[in-house]
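# Close look at the chain arrangement
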Amino acid sequence: MSAAATPVAAVAPAAVRKASPIENLRALLPYVRRYRGGTALGVATLLAGGLVGAMLPLVMGTIIDSISGEHSLIERMSALPGPLERFLLSFYRPLSGETLVFFSLTLLGIVLVKGIFSFLTRNILIGVSRDIEYDLRNDLLDHLLRMEPAFYVRNRTGELMSRCTNDLNAVRMVLGPGIMYSLNTIVIMVMAISIMVRISPQLTLYVFLPVPAVALAVRYFGKVIHDRYEKIQALLAALSARVQENLTGIRVVRAFCQEEHESRAFERQNKDYVDSNMALIAAWSLFFPALEFLIGIVFLIVLWQGSRLTLQGSFSLGALMAFYGYIAQLVWPKVALGWVTNIFQRGAASMGRLRYILSAEPEIDDRAVAARPADDIHGGIEFRHLTFRHPGAENNAGGRPVLDDINLRIPAGSTVAVVGPTGSGKSTLAALVARLWEAPPGSVLIDGRPIAEWPLHALRRAIGFVTQDTFLFSETLRENIAFGAEAASDLDVDRAAHIASIRDEVLDFPKQFETVVGERGLTLSGGQKQRAALARALIREPKILVLDDALANVDTETEERILRGLAEVTRHRTTLLISHRCSTVRHADQIVVLREGRIVESGNHEDLIGRGGYYADLYQKQLLEEELARV
Amino acid sequence: MSAHQEEEALGKLYDAQLTRRLLGYLRPYRARVTVAVALSLVSSGLTIVGPLLLKVTVDRYLVPALAGRLSSDVAMHGVGLVVLLFLAALCTRFTLDYIQTRMMQRVGQLAMYDLRRELFDRLQRLPLAFFDRNPLGRLVTRLTTDVDTLNDLFASGVVAMLGNCFILTAIIVAMLKLDWRLALAAFSVIPLIVLVTLLFRRSVREANRRIRVAIARINAFLQEHISGMTVVQLFNREKKARKQFAEANAAHMDAYKDAILAFALFYPAVEFLGVLAIAVLLWYGGMRVLSGSLTIGTIVAFIQYAQQFFRPIQDLSEKFNILQTAMASSERIFRLLDEPITIQSPEKPVPLGVPRGEIEFSHVWFAYTGGAQPAEEDWVLRDVSFRVRPGQTAAIVGHTGAGKTTLISLLLRFYDVQRGQILLDGRDIREYSLHDLRRHFGIVLQDPVLFSGTLESNVRMGTEGIDRPAVERALDEVGLGGFVRSLPDGVAATVGERGSTFSVGQRQLVSFARALAHNPRFLILDEATSSVDTKTELTIRAALDRLLTGRTAIVIAHRLSTIQHASQILVFHKGRLREQGTHQELLARRGIYHRLYQLQYKDQEIRVHATAGDAASAAVPAND
Ligand SMILES: Nc1ncnc2c1ncn2[C@@H]1O[C@H](COP(=O)(O)OP(=O)(O)OP(=O)(O)O)[C@@H](O)[C@H]1O
Ligand SMILES: Nc1ncnc2c1ncn2[C@@H]1O[C@H](COP(=O)(O)OP(=O)(O)OP(=O)(O)O)[C@@H](O)[C@H]1O
Ligand SMILES: [Mg+2]
Ligand SMILES: [Mg+2]
């Protein structure tokens, strides 16, 4: 029976967390592919910019050659000059003022063209990264919207938030600067090397001697960063989850004088976070100085060997300057390389954390929807040998299911009340009607059809649900009440509020229906929240109305008024009514007593009283209280 | 969208006061910061060595040797010496940089640790009214993202910027020393750079502001929708949510694209100006070399300097972004830290040992909004006066929204009254320290809150002296013992966020047990059994009868049956205390209470045969 219940707990996370950095980053490819055109264009302009930019040191060196009265290094570069080189050479004279002016202007021309290209590159490539960030963020929300409650039981809000903000940001860094700078690095490397080789193969070889060391360093640091960073992100998420929970329960914290205790607990986590950052710092602070050192060594080699070659006559001052120029160009790539490594490693770790959400697939979806077009839901509900355990909590209550072999028919339009002790499974039963949890196939039927065959959207559209713990959004009361009814008019809101018996009270508020309620409905009283939630369900005019202890926080007089109004509303609707009060449920067509997940009694009020079981006892007790009150 | 105002107003780049305050966080580590700054100065100083050595090599060895004035061997020997010097400089820089970076990064982390702690402590002391106004998600952001942003500033920003400035100065001095005319020629582009930077800053600031607003909206949205996901799904709001989110998301993207434009223009502009300076150098310097008034080595060194000169400038503008974000973050952080703690212990609190247990409200007026002089319609409590004697139980009844919960909040000083006073043992509660006052109360709030952890940690909270047997006893007393024992881990069972894996009734019972375990002098029950079945409720009531002896209690309940034994019943209506007395007295008055009572018990006519007492015990099946 647990066929449906077990896999929910096992949605991908374990698999995802193990993924290698490459694998994580590969998950970005489909996003990049969407902007193929833009990316290609960006890469093209980047290449063009690199090509043009590579001319700069060459021209500078030429000028130096000219003023030191030698042959141009361009001449030296190749036996067979290309057309561009021939063109440049035709302006070259040693020790000539005109040459100086011409090449200085050339320098400016080159940097201008290069500037235009790099403007385009940045605009296009970074723009694409923002586009992708936009897509990713929407996709994250999309997945979150599709995940069932079981997912939110497993994951704390603060954790998820941290993934959607901090981690997304790290991934964006890969897509924008990460990709742009690494491409840039490659282009500059290739261009610089190809020109340097032509000037002096020997010196080029020397210059690249330290490269293996750089590669090794980058690899080592990359790994360190990746490993530590993942832990850091996890700790950051835990930290925000902690703050989040503390603030959610701030009243309890205050009332029980737990501020100190909470501060200490927070401090511990704060310290953990700082400590693991420190561990990263130890490696990280070595990284840039080491890179700079290696770069310095390269300059040193050029100075040393370049001078030697010049003295031997196979090199010129201009060539030396050009080499200096190329290495200066390479410095940036190498620094960028370090930076990019950092970005990529962090991004990969974070992408792993995003994939936890992006690859989470809901257990509850429309996969089993019958091919034939959906009819309208009339509201008949049937539970057939329903046995259910919450995923992940299979061992609670000694392995006894939360709901055990429930058989119950609720004909469309009738009212069924469920009573039973705390924790007997009433809310779980109600939640199964809205398919918030997945019951074993065929055990819950709507209008005679297995619930999984109804499109989720249509199913829930047919239901008005008042959950046991109320959640309102920090919007106006009007928006909250009209929450689930797309086209509700002011009149509809007014009417629903009236039936829920909150209208008059709201009209007493200074801003009436435009009153903005605090988060979760914080600034309303307990009863006001519940009634707002009731109005929110009623305005949908649902076929099925589920009231899960919906009047628990409402006083008797108001309850009475609401019940009177509801009697009219529920006449033509299937109603599932959960309550602890006989007064609330006694007029139901059928009353069901749940106990430890089993239906132990069912029938109407009179039947059950006659039977002398739990319900009769409940009724007795409630009467007894009244009796006592009379004395 | 007024909630996002905070993100709107800010983002000034430099604010002396703010900066001073930020630097204050470095004060505890000033020794280390001083060392790091000193090291970074030395290391920056060393950067000007490279070009100088190049100049020496060119002018002293290469040019003379090429001209045949110096033998190759001697020249090579000289070059070797220069190379060694260069190597020494490199090694020194490496060491200095490593030490300096590590020191500053660590200091940054420590400063962040302090700041985070200060923020959290502040949050523990701010009045609840503050939390009514401020979305939780935003407060979380202050402690995480905003603080991390500051870290960038502390760890790399401060020292790097000082270093950059020093490098610039050193280069300027070196250039002027080498040849002041050539130096001035090179500096001619500086005004242009300043202009470009100013333009850039202006255009980026507006975009940055929009980005921050958008991010705040996105986060608030996510936070709320993750918390209320079930409601979103039950009410088919997915599509609408997607749409709303996409809008905020798009605003974010658009703002960023505007910022990109500014950056995309800025970088090439700076590069162009850098090359312009070099072109000027080459042209003007080259002419002078040709006329023999300048050495080639000087030009070569100047080119190096020019390149070095522009890197820090470009770097600074990169840092500019960090700086601006950090400034905005710090402003928000400080605003939170400056949030007045309106409710706190007095300077010299009256000590409160074991209270006698008398509570008195005297002409209390209270409103949530409107400050000290609320508008007439804002009053939630109006002129409320009553007294609960030591050991008595007072019951509070009234329609929903009458102000019952508010009353409790005032008693615990979650809020302060606008007029009148609340007295405990004859003294205004504002004379006691908050801790002294609250620790005598055990309260079950209307909305039960459980924390992640275990059942045990939820009952005990952080209070020492509540051992496991006490936890178990409390759980037994609220009738949850059997259930807890049926869990594989018993009281050590894991509790998820908000206790979502427990039924609502169970959550309520756990928070009830929490109040009992703390063995308080005053017990406050706000609808404490509203979601609990009748049988458990009766069990609890029996336990309470025992527990309440000698304690003062305030009980709020809608079910009159739960409160009729109270020594006195207070009937509230629309914020006023309308009736007061015992059950019998109130019935006799035939007022609101009488009406409530009539309504609740009008079922009475349908009588059941068996006599109450017997039936109750006979009919209960023997389990639970
Ligand atoms: N934090 C708040 N900020 C602003 N207004 C509030 C806040 N809390 C409550 N109110 C308002 O104050 C009034 C009294 O609320 P209170 O919670 O005291 O009512 P109550 O008597 O406990 O009602 P219930 O029986 O429904 O719990 C209500 O109109 C409510 O909207
Ligand atoms: N998400 C969950 N994961 C694991 N166990 C759960 C989960 N939700 C509820 N339970 C357990 O299932 C049982 C039934 O819970 P349910 O909420 O259906 O009870 P209930 O009858 O509605 O109780 P109440 O009257 O208190 O509302 C309880 O023992 C509860 O601890
Ligand atoms: Mg329930
Ligand atoms: Mg209340």
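Since the model is a prediction, treat every value here as computed from it, not as a measurement.

## A closer look at the overall build of chain B
- Helix and strand content of chain B: 22 helices and twelve strands.
- Relative to its length of 624 residues, chain B is extended, with a C-alpha radius of gyration of 37 Å against a globular reference of 25 Å.
- Based on the C-alpha atoms only, the size of chain B along its principal axes is roughly 130 × 55 × 50 Å.
- A fraction of 77% describes how many contacts in chain B between residues 6 or more apart in sequence connect residues 24 or more apart.
- Surface accessibility of chain B: about 25,000 Å² in total, with carbon and sulfur atoms responsible for 57%.
- One way to put it: in chain B the 72 positive side-chain charges average out to a point 5 Å from where the 59 negative ones average out.

## Details of the coordination of the magnesium ion (ligand 4)
All names here are of chain B.
- Thr-405 (OG1) and Gln-446 (OE1) make up the full set of protein donors to the magnesium ion (ligand 4), lying at 1.8 to 2.2 Å. A residue pair is termed long-range when its members are at least 10 positions apart, and Thr-405 in helix H13 (residues 404–411) and Gln-446 in the loop between strand S6 (441–444) and strand S7 (453–454) qualify at 41 residues.
- What makes Thr-405 partly exposed here is its relative accessible area of 31%.

## A word on the interface of chain B and chain A
- At the junction of the two partners, chain B supplies 187 residues and chain A supplies 180 residues.
- Contact between chain B and chain A buries roughly 16,900 Å² in total, counting both sides, with carbon and sulfur atoms accounting for 64%.
- On the surface where chain B and chain A come into contact, there are ten salt bridges.
- A salt bridge links Arg-242 of chain B to Asp-142 of chain A; its shortest N-O distance comes to 2.4 Å.
- Along the contact surface separating chain B from chain A lie 37 residue pairs in polar contact (both at pLDDT 80 or more).
- Ranked by the residues each element gives to the side of chain B that touches chain A, the list is headed by helix H11 (residues 238–290) of chain B, at 30 residues.

## Here we look at the packing of helix H14 (residues 259–312) of chain A against helix H4 (residues 49–66) of chain B
- Their axes nearest at 10 Å, the elements H14 of chain A and H4 of chain B cross at an angle of 15°. Taken together, the axis directions place H14 of chain A and H4 of chain B in an arrangement best described as roughly parallel. For the pair H14 of chain A and H4 of chain B, the crossing hand works out as right-handed. Residues Leu-303, Ser-307, Thr-310 and Leu-311 of chain A of H14 of chain A lie in contact with H4 of chain B, whose contacting residues are Leu-54, Thr-57, Leu-62, Ala-65 and Leu-66 of chain B.
- Considering only residue class, the contact of H14 of chain A with H4 of chain B consists of six nonpolar, three polar and no charged.

## Here we look at the pattern of salt bridges
- This model, assessed by the stated rule, comprises 50 salt bridges over all chains.
- Between Asp-131 of chain A and Lys-257 of chain B there is a salt bridge, and its shortest N-O distance comes to 2.7 Å. Of this pair, Asp-131 of chain A sits in helix H8 (residues 97–146) while Lys-257 of chain B is found in helix H11, placing the two residues in two different chains.
- Of the residues examined, Asp-131 of chain A reaches a relative accessible area of 15% and is grouped as buried.
- Sharing partners across several salt bridges, the network here consists of Asp-142, Arg-146 and Glu-361 of chain A together with Arg-242 of chain B.

## Overview of the domain arrangement of chain A
- The assigned domain composition of chain A is domain 1 (29–358) and domain 2 (381–630).
- Using only C-alpha atoms to locate each centre, domain 1 of chain A and domain 2 of chain A end up separated by 58 Å.

## Here we look at unusual backbone geometry
- Positioned with a positive phi, Glu-541 of chain A is a non-glycine residue whose angle comes to about 45°.
- Here Glu-541 of chain A falls in the exposed class, since its relative accessible area comes to 54%.
- Residue His-363 of chain B is not a glycine yet carries a positive backbone phi of 45°.
- Along the chain, His-363 of chain B falls in strand S1 (residues 359–367).

## Structural notes on the site of ligand 1
- Lining the immediate environment of ligand 1, one finds 20 residues, of which Ser-525, Gly-527 and Gln-528 of chain A together with Thr-405 and Thr-406 of chain B sit closest.
- Residues within reach of ligand 1 are spread across chains A and B.
- At a separation of 3.5 Å, an oxygen atom of ligand 1 approaches a polar side-chain atom of Thr-400 of chain B.
- Within the contact set of ligand 1, an oxygen atom lies 2.7 Å away from a backbone nitrogen or oxygen of Gly-401 of chain B.
- Isolated, ligand 1 exposes 630 Å² of accessible area, and the fraction of that covered by the protein chains is 90%.
- Looking at the shell around ligand 1, the elements that each hand over two or more residues are helix H21 (526–538) of chain A together with H13 of chain B.
- In terms of residue class, the shell around ligand 1 is built from six nonpolar, twelve polar and two charged.

## Re the site of ligand 2
- Inspection of the region around ligand 2 gives 21 residues, with Lys-426, Ser-427 and Thr-428 of chain A together with Ser-503 and Gly-505 of chain B positioned closest.
- Near ligand 2, residues from chains A and B are present, making the site a shared one.
- Here an oxygen atom of ligand 2 and a backbone polar atom of Gly-423 of chain A are 2.8 Å apart.
- Interatomic distance of 3.1 Å between a backbone N/O atom of Thr-501 of chain B and a nitrogen atom of ligand 2.
- Elements that contribute at least two residues to the shell around ligand 2 include exactly helix H16 (426–433) of chain A together with helix H18 (504–517) of chain B.
- Residue classes in the shell around ligand 2 are distributed as six nonpolar, 14 polar and one charged.

## Re the packing of aromatic side chains
- This structure, assessed with the given rule, holds 25 aromatic pairs over all chains.
- Ring centres of Phe-483 of chain B and Phe-502 of chain B lie 6.1 Å apart, and the angle between their planes is 85°; this geometry places the pair in the edge-to-face category. Of this pair, Phe-483 of chain B sits in helix H17 (residues 481–486) while Phe-502 of chain B sits in the loop between strand S8 (494–495) and H18, and the two are 19 residues apart along the sequence.
- Judged by relative accessible area, Phe-483 of chain B falls into the partly exposed class, the value being 25%.
- Members of the aromatic cluster, each reached through a chain of ring pairs, are Phe-471, Phe-473 and Phe-483 of chain A together with Phe-235 of chain B.
- It is Arg-514 of chain B that lies over the ring of Phe-256 of chain A; its NZ or CZ is 6.0 Å from the centre.

## Things to note about the coordination of the magnesium ion (ligand 3)
Residues and elements named next belong to chain A.
- For the magnesium ion (ligand 3), every protein donor is listed as Ser-427 (OG) and Gln-468 (OE1), and the spread of their distances is 1.8 to 2.1 Å. On the criterion of sequence distance, the pair formed by Ser-427 in helix H16 and Gln-468 in the loop between strand S6 (463–466) and helix H18 (477–481) is long-range, its members being 41 residues apart.
- When its relative accessible area of 25% is taken as the criterion, Ser-427 is described as partly exposed.
- For Gln-468, a relative accessible area of 14% puts it in the buried group.

## Brief notes about the sheet that holds strand S10 (residues 598–603) of chain A
Residue and element names in this part refer to chain A.
- Taking strand neighbours across the sheet as the criterion, the six strands line up as S6-S7-S8-S3-S9-S10 in an open arrangement whose pairing is mixed. Edge positions in the sheet fall to S6 and S10, since each of these pairs with one other strand and no more. Adjacent strand axes in the sheet meet at a mean angle of 15° when their direction is disregarded.
- Note that S6 and strand S7 (residues 544–548) share four bridges and pair parallel. Of the residues in S7, the one forming a bridge with Ile-463 is Ile-544.
- Against the sheet, H16 touches strand S3 (415–419), S6, S7, strand S8 (574–578) and strand S9 (590–595), its axis set at about 155° to S8.

## Notes on the pairing of strand S12 (residues 576–581) of chain B
Residue and element names in this part refer to chain B.
- Here five bridges tie strand S11 (residues 568–573) to S12, and the two strands are oriented antiparallel to one another. Paired with Ile-569 across the strands is Gly-581, a residue of S12.
- The turn joining S11 and S12, which pair antiparallel and follow one another in sequence, is formed by two residues; a positive phi near 45° is taken by Lys-574.

## Things to note about the sheet that holds strand S2 (residues 403–410) of chain A
All names here are of chain A.
- Strand order in this open sheet of four strands is S2-S1-S4-S5, and the pairing throughout is antiparallel. Each end of this open sheet is capped by a strand with a single partner; those strands are S2 and strand S5 (449–450).
- Pairing of strand S1 (residues 381–388) with strand S4 (residues 444–446), which is carried by three bridges, proceeds in the antiparallel orientation. Bridge assignment links Ile-381 to a residue of S4, and that residue is Ile-446.
- Lying on the sheet, H16 is in contact with S1, S2 and S4; it crosses S1 at an angle near 125°.

## Focus on the domain arrangement of chain B
- Domain assignment breaks chain B into domain 1 (16–179 + 328–341), domain 2 (180–293) and domain 3 (390–419 + 439–623).
- Summarising the inter-unit geometry, the C-alpha centres of domain 1 of chain B and domain 3 of chain B are found 60 Å apart.

About the cut-offs
- Residues numbered from 1 in each chain as written.
- Chains lettered and ligands numbered in written order.
- Predicted model: local features only at pLDDT ≥ 70, side-chain atom pairs only at ≥ 80, totals over all residues.
- Heavy atoms only, no water.
- Helix = DSSP H or I, 4+ residues; strand = E, 2+ residues; numbered from the N terminus.
- Rg over C-alpha atoms; globule rule 2.2 N^0.38 Å.
- Contact = heavy atoms within 4.5 Å.
- Areas by Shrake-Rupley, 256 points an atom, 1.4 Å probe, with all protein chains shown as cover.
- Lys, Arg positive; Asp, Glu negative; His and termini not counted.
- Charge placed at Lys NZ, Arg CZ, Asp CG, Glu CD.
- Donors = N, O, S within 2.8 Å, 3.2 Å for Na, K, Ca; no water.
- Buried < 20%, exposed > 50% of the residue type's maximum accessible area, 1.4 Å probe, protein only.
- Buried area = accessible area lost by both parts, 1.4 Å probe.
- Salt bridge = Lys/Arg side-chain N within 4 Å of Asp/Glu carboxyl O.
- Polar contact = N/O pair within 3.5 Å; in protein donor to acceptor, adjacent residues only side chain to side chain.
- Axes fitted to C-alpha atoms, helices over the stretch in contact; angles between N-to-C directions.
- Parallel < 35°, antiparallel > 145°, perpendicular 65-115°, else oblique.
- Left-handed = near helix turned anticlockwise from the far one by under 90°.
- Nonpolar A, V, L, I, M, F, W, Y, C, P; charged D, E, K, R; others polar.
- Domains from an automatic or database assignment.
- Near = heavy atom within 4 Å.
- Phe/Tyr/Trp six-rings, centres within 6.5 Å; stacked < 30°, edge-to-face > 60°.
- Lys NZ or Arg CZ within 6 Å of the ring centre and 35° of its normal.
- Pairing = 2+ DSSP bridges.

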